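# A closer look at the structure
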Amino acid sequence: IALNNNLEKQISYQSALIAESQYQQALSARWPTINLQAGFQHRDQAPTFTNPAMNIALPAPVVYALQGAASSITVPEKTIKLFNQNTSTASLQLLYPLYTGGKISSMINQAGIGKEITQEEMRRTTLQVVRDVKRYYYAAQLTHELDNTAKKIHRELSNTRDLTKSLYEGGSGSVNKLDFLKTEMAVSYAQSVEIDFAGKHKAAIAALANTMGLSWDSQISVDAPLKTDKAHNAQLDALVQQANEFNPQLGVLKLAVRASEEKINEARSAYFPQVALTADTTHYENGYDKGLANGTNKNSWTIGIGVTMPLFNGFLTEHQVSTVKLQSSQMQSKQKLVEQGVATLVKNLLIEYETAHQQIGVSEQAAQLADDHSDLTSRAFQIGASKPEDMVHASILQAITQGNLLRAKHDQQLNLAELDYVL
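The notes below deal with the structure included here. (Residues numbered from 1 in each chain as written. Predicted model: local features only at pLDDT ≥ 70, side-chain atom pairs only at ≥ 80, totals over all residues. Heavy atoms only, no water.)

### A few points about the sheet that holds strand 7 (residues 274-285)
In space, the four strands of this open sheet follow the order 1-6-7-8, with antiparallel pairing throughout. Lying at the two open borders of the sheet, with one neighbouring strand each, are strand 1 (33-42) and strand 8 (299-308). On average, adjacent strands in this sheet sit at an angle of 20 degrees to one another, irrespective of strand direction. Pairing of strand 6 (residues 86-99) with strand 7 involves 11 bridges; the strand directions are antiparallel. Looking across to strand 7, one finds that glutamine 93 is bridged to aspartate 280. (Pairing = 2+ DSSP bridges. Helix = DSSP H or I, 4+ residues; strand = E, 2+ residues; numbered from the N terminus. Axes fitted to C-alpha atoms, helices over the stretch in contact; angles between N-to-C directions.)

The structure is reproduced here in structure tokens:
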């Protein structure tokens, strides 16, 4: 239910979709870009070009042929209209990168690694949901059984109090008012412990329902008793190796190291020229067929190669490359640090798991002895061979040993869940 409804898992899935979209964005850098530009302009008046007056000298043969004509011709000043006031244009422009020094490839690789990181994060979230469900489920089991134990002790102490009260009020010389007050206080304390465990059980159930993605007013119950697993026989080295291979937190760091190496390639691309193919075609419409708006100029196209070559930028590229190299080295150190931390965590969890397993064996014997002790003390009290104080102590001892057994069972299951999560 949690894997279907948990909101954190849904958010993680959405993050994976976002990363996929970002990767597709990065892939678009390999494609050419084509842009359409269109516009309309209205001028306050039609632009013109004024050709100044000039004298044009005639060659001697021309003068002789004209028999005494002037040796030069004066051309008067003339104003020429270039185009009308209203102009509309439309152009289609293309830009296609041919060589970027590896920048586009490194950016695509970074986006691909980012997608892998979100996949690891989504897997990590799934594991967290499983771990949290187990944690709250075991807490619900523990508090339920502790509540039952508290009810049992409360009931037994109430019986002891009632019997003590009847003996005291009946004038028995074996008990007095102080004995009755001691049993009354023990009953009150047992009742408060019972209330406390009942409240904690409700809180654990509420936390479990929330992790499962259920509404706040959902009614669920956990009645299954805590179970005991066998001793873990896995070797520590094998567990550490498994964690290094499959732990999602380490997986994210390994991918982050790869991404930092791609950032180095991206920074280095600034050393190389950027080469691109450019092309455009333009249509020009003015409603005028003379001047600049003649038929020849209405449609045109161009194609070319553009090159940008960095020559000097104040050592900016050198420092950028140095920075990302240091960041990559830092990320590798973080990876080693987390690897050591995970190995230590695996070791501690395995130790705690084995310790809990041993505690279960000891606590089971102690709980059985405490039950036998309580049973014998109860029989002795009924025949006057023991005092109410002995009954109270026997019940307290029974509660402590039973609580230790339940705690050991809970710790074993919880440590196993944590170990599964880390591995």
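### Some details on the packing of aromatic side chains
Within this structure, the stated rule accounts for four aromatic pairs. On the numbers, 6.2 Å between centres and 75 degrees between planes, the contact of phenylalanine 83 with tyrosine 284 is edge-to-face. With a gap of 201 residues between them, phenylalanine 83 in the loop between strand 5 (78-81) and strand 6 and tyrosine 284 in strand 7 connect regions that are remote in the sequence. On the basis of an interplanar angle of 70 degrees and a centroid distance of 6.2 Å, the ring pair of tyrosine 137 and tyrosine 138 is categorised as edge-to-face. With a relative accessible area of 13%, tyrosine 138 lands in the buried category. Over the ring of tyrosine 288 we find lysine 81; its NZ or CZ atom is 4.7 Å from the centre of that ring. (Phe/Tyr/Trp six-rings, centres within 6.5 Å; stacked < 30°, edge-to-face > 60°. Buried < 20%, exposed > 50% of the residue type's maximum accessible area, 1.4 Å probe, protein only. Lys NZ or Arg CZ within 6 Å of the ring centre and 35° of its normal.)

### Side note on unusual backbone geometry
Positive phi is not limited to glycine here, since phenylalanine 315 has a value of about 65 degrees. Residue position: phenylalanine 315 is located in the loop between strand 8 and helix 9 (316-382).

### Here we look at the packing of helix 4 (residues 103-169) against helix 10 (residues 388-422)
Put simply, helix 4 and helix 10 touch, their axes get as near as 10 Å, and they point 175 degrees apart. Considering the angle they form, helix 4 stands roughly antiparallel to helix 10. (Parallel < 35°, antiparallel > 145°, perpendicular 65-115°, else oblique.)

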